[in-house]
Amino acid sequence: MSPPFGTGDASYQAAGGIDGLRRLVDDFYRLMDELPEAADLRRLHPESLEQSRDKLACFLSGWLGGPKLFSEKYGSIAIPSFHAQWPIGEALSGAWLGCMERAIALQPFSPEFAEYLLAQLRVPAHRVVQASRARHG
């Protein structure tokens, strides 16, 4: 029996390692480009999403217990305070989570891991809104 998600690198392995995370991130950003409800969210990103894709995949790797690729390549990051530079409210956070939920559904993840991952991602999404609200009022 495999260890529970969130233990060691169990979540990273359940996601398919870095290749699985890159597929997830590619689908996420493709959906952000395509979905009308994500248009405002997409405008917060640079025209080229190449670096955004790499940063998110690298971040998720370490966040899910795999190699700490983000800090190795880009240094440290505090997700809520970094994103607080933009006024991010519930609508943008919801659009982000909606794109991620759809992207997760496209992956060959077990239903248990898909549910776990989305639940875990709601935490930083909520903290980003709180940090942004504290900075922008």
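What counts and what doesn't
- Residues numbered from 1 in each chain as written.
- Predicted model: local features only at pLDDT ≥ 70, side-chain atom pairs only at ≥ 80, totals over all residues.
- Heavy atoms only, no water.
- 1 Å grid on protein atoms, 1.4 Å probe; cavity = no way out; pocket = protein on both sides within 12 Å on 5 of 7 lines; lining within 4 Å.
- Points joined across faces, edges and corners; volume = space filled by probe spheres on them.
- Helix = DSSP H or I, 4+ residues; strand = E, 2+ residues; numbered from the N terminus.
- Nonpolar A, V, L, I, M, F, W, Y, C, P; charged D, E, K, R; others polar.
- Buried < 20%, exposed > 50% of the residue type's maximum accessible area, 1.4 Å probe, protein only.
- Contact = heavy atoms within 4.5 Å.
- pLDDT = per-residue confidence, 0-100.
- UniProt positions renumbered as here; feature names shortened; annotations may be inferred.
- Salt bridge = Lys/Arg side-chain N within 4 Å of Asp/Glu carboxyl O.

Roughly 750 Å³ of volume is contained in the largest pocket. Lining the largest pocket are 27 residues, with Tyr29, His45, Phe82, His83 and Trp96 sitting closest to its centre. Taken together, the elements giving at least two residues each to the lining of the largest pocket come down to α4 (50–63), α6 (79–83), α7 (90–105) and α8 (111–136). Grouping the constituent residues of the lining of the largest pocket by class yields 19 nonpolar, seven polar and one charged.

Along the chain, the position of Ser132 falls in helix α8. By relative accessible area, which is 1% here, Ser132 ends up buried. When residues no more than four places from it in sequence are discounted, the contact partners of Ser132 are Ala84, Trp86, Pro87, Ile88 and Gly137.

Close inspection of predicted coordinates is inappropriate in any region flagged by low pLDDT. Summarising the model, the chain shows a mean pLDDT of 94, and 99% of its residues fall at 70 or more. α6 is the least confidently modelled element of the chain, averaging 78 in pLDDT, while helix α2 (residues 17–34) averages 98, the highest of any element.

When the UniProt feature table is mapped to this numbering, "binding site: heme" (unreviewed entry) covers His126. Relative to the helices and strands, His126 resides in helix α8. By relative accessible area, His126 is classed as partly exposed at 43%.

The next subject is the pattern of salt bridges. Oppositely charged side chains can form a pair if their charged atoms are brought close together. Enumeration over the complete set of coordinates arrives at nine salt bridges. Glu34 is the partner of Arg30 in a salt bridge, and the nearest nitrogen-oxygen pair spans 3.2 Å. Residue Arg30 and its partner Glu34 are both found in helix α2; the two are separated by four residues, about one turn of the helix. On the accessibility criterion, Arg30 (32% relative accessible area) is partly exposed.

Let us now look at the environment of Arg102. With respect to the helices and strands, the residue Arg102 is situated in helix α7. Expressed as a C-alpha distance, the spacing of Arg102 and Arg135, which sit 33 residues apart in the sequence, is 30 Å. Ignoring anything within four residues of it in the chain, the contact list for Arg102 reads Leu31, Leu35 and Glu37.

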